[in-house]
Amino acid sequence: MALIAGQGALPQAVVSEIGDRHWKAFHLKGFEPDDKTSEPFRVEHLGSFIAGLTAQGITDVCFAGAIGRPKLDPTAIDAATLPLVPRMMQALQAGDDAALRLVLSLFEEAGLNVVAAQDVAPSLLRVPTVGAPSDRDYADIERAKMVHAALSNMDVGQGCVVARGQVLAIEAMPGTQWMLASLTHFDAKPDGGVFFKAAKAGQDRRIDMATIGPETVDQAAAVGLNGITVVQDAVLVLQPDVVRTRLEKTGLFLTALPA
């Protein structure tokens, strides 16, 4: 198996559960993972990289971690990648979901099987639920579900923040950390509120799963939210034991709605 490692804690969480399975780690140049133990490849050499994987006898590919949209240097494109350029340009100009589907198709057409991080590391789907929402929180959760559903088909983001029925923030391309940090620009902290996170409609969960971790809890607490709600089997939880400890320390709740 080839692990295409991105940034953040997810690659290491996957590695910790791979066990005895033979695997090798790679990363896209410009998006080095935190542990820096993987081999780099360039987007301009994607065709050669995929061919190299199959030549090494690799059959499965797992994508784990954050990867942004790379800049394509036309002068660095090799011969094996040149036929892929029109589709690569289409992917770079498409929405997140469409771009990911195009990228996956390049690997699959070479005979590689794309494996989800949660299939390699199923413990990532366990949500350490803590505490319970109040009636007001439940109302905010319902409002957040409606907002998420309305935006989901537009390929906008995986989360939003609602407090007292008011939508305070919507997750877009910069991601969860940026969205929660944006709440610090309010003149006063939100009066309670809920951070809601779930998968978008049509999202390919083999490569693009919503994720929370200890930092998510810390940020939510720092801006005055009451808790976090996710949808079961649609969100990965990094370092669940640490998440539970942070929840208990901050007094935030974490609930999981049925898938």
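Description of the structure in this document. (Residues numbered from 1 in each chain as written. Predicted model: local features only at pLDDT ≥ 70, side-chain atom pairs only at ≥ 80, totals over all residues. Heavy atoms only, no water.)

**Let's talk about unusual backbone geometry**
Comment: phi is negative for the bulk of residues other than glycine, and the bulk of peptide bonds are trans. Phi at Asp 233 takes a positive value of approximately 70°, unusual for a residue other than glycine. Even without being a glycine, Gln 239 presents a positive backbone phi close to 50°. Tracing the backbone shows Gln 239 in the loop between strand 11 (235-237) and helix 9 (240-250). Gln 239 sits in the partly exposed class, given a relative accessible area of 42%. (Helix = DSSP H or I, 4+ residues; strand = E, 2+ residues; numbered from the N terminus. Buried < 20%, exposed > 50% of the residue type's maximum accessible area, 1.4 Å probe, protein only.)

**Considering the nonpolar core**
Phe 26, Leu 46, Phe 49, Leu 53, Val 61, Phe 63 and Phe 107 are the most contacted members of the largest nonpolar core, which totals 23 residues. At the level of secondary structure, the elements contributing two or more residues to this core comprise strand 1 (2-5), strand 2 (24-28), helix 2 (46-55), strand 4 (60-64) and helix 4 (96-109). Looking at which element gives the most residues to this core, the answer is helix 2, with four residues. When near neighbours in sequence (up to four residues on either side) are disregarded, Val 61 contacts Met 1, Ala 2, Ile 4, Leu 53, Phe 107, Leu 112, Asn 113, Val 114 and Val 115. (Core = buried A, V, L, I, M, F, W, Y, C linked by side-chain atoms within 4.5 Å. Contact = heavy atoms within 4.5 Å.)

**Thoughts on helix 1 (residues 10-18)**
Along helix 1, the positions that sit buried rather than exposed are Leu 10, Pro 11, Ala 13, Val 14 and Ile 18. The buried residues of helix 1 occupy an angular sector of 165° when the element is viewed end-on, so they sit on one face. Looking at the buried positions of helix 1, the neighbouring elements they touch are strand 1, strand 4, helix 5 (117-120) and strand 11. (Arc of directions from axis to C-beta.)

**Description of helix 6 (residues 135-152)**
If you check helix 6, its first and last C-alpha atoms are 25 Å apart, about what 18 residues at 1.5 Å a residue would give, namely 26 Å. When helix 6 is considered as a whole, its buried residues turn out to be Asp 137, Asp 140, Ile 141, Ala 144, Val 147, His 148 and Ser 152. Across the axial projection of helix 6, the buried residues extend over an arc of 130°, all falling on one side. In helix 6, the exposed residues that point more than 90 degrees away from the buried face are Asp 135, Met 146 and Ala 150. Among the structural elements, strand 6 (159-163), strand 7 (166-170), strand 8 (194-197), strand 10 (227-231) and strand 12 (253-257) are those in contact with the buried residues of helix 6. (Expected span 1.5 Å × (residues − 1).)

**Considerations on the sheet that holds strand 2**
Read from one edge of the open sheet, five strands run 3-2-1-4-5, paired in parallel fashion. Unpaired on one side and paired on the other, strand 3 (39-41) and strand 5 (113-115) mark the two borders of the sheet. On average, each strand axis in the sheet is inclined to that of its neighbour by 35°, with strand direction left out of account. Pairing of strand 4 with strand 5 involves three bridges; the strand directions are parallel. (Pairing = 2+ DSSP bridges. Axes fitted to C-alpha atoms, helices over the stretch in contact; angles between N-to-C directions.)

**Notes on the side chain of Lys 197**
Turning to its location among the elements, Lys 197 is positioned in strand 8. Overall, Lys 197 belongs to the buried group, its relative accessible area being 2%. Setting aside chain neighbours within four positions, we find Lys 197 in contact with Gln 158, Gly 159, Glu 171, Thr 176, Ala 210, Thr 211, Ile 212, Thr 229, Val 230, Val 231 and Val 235.

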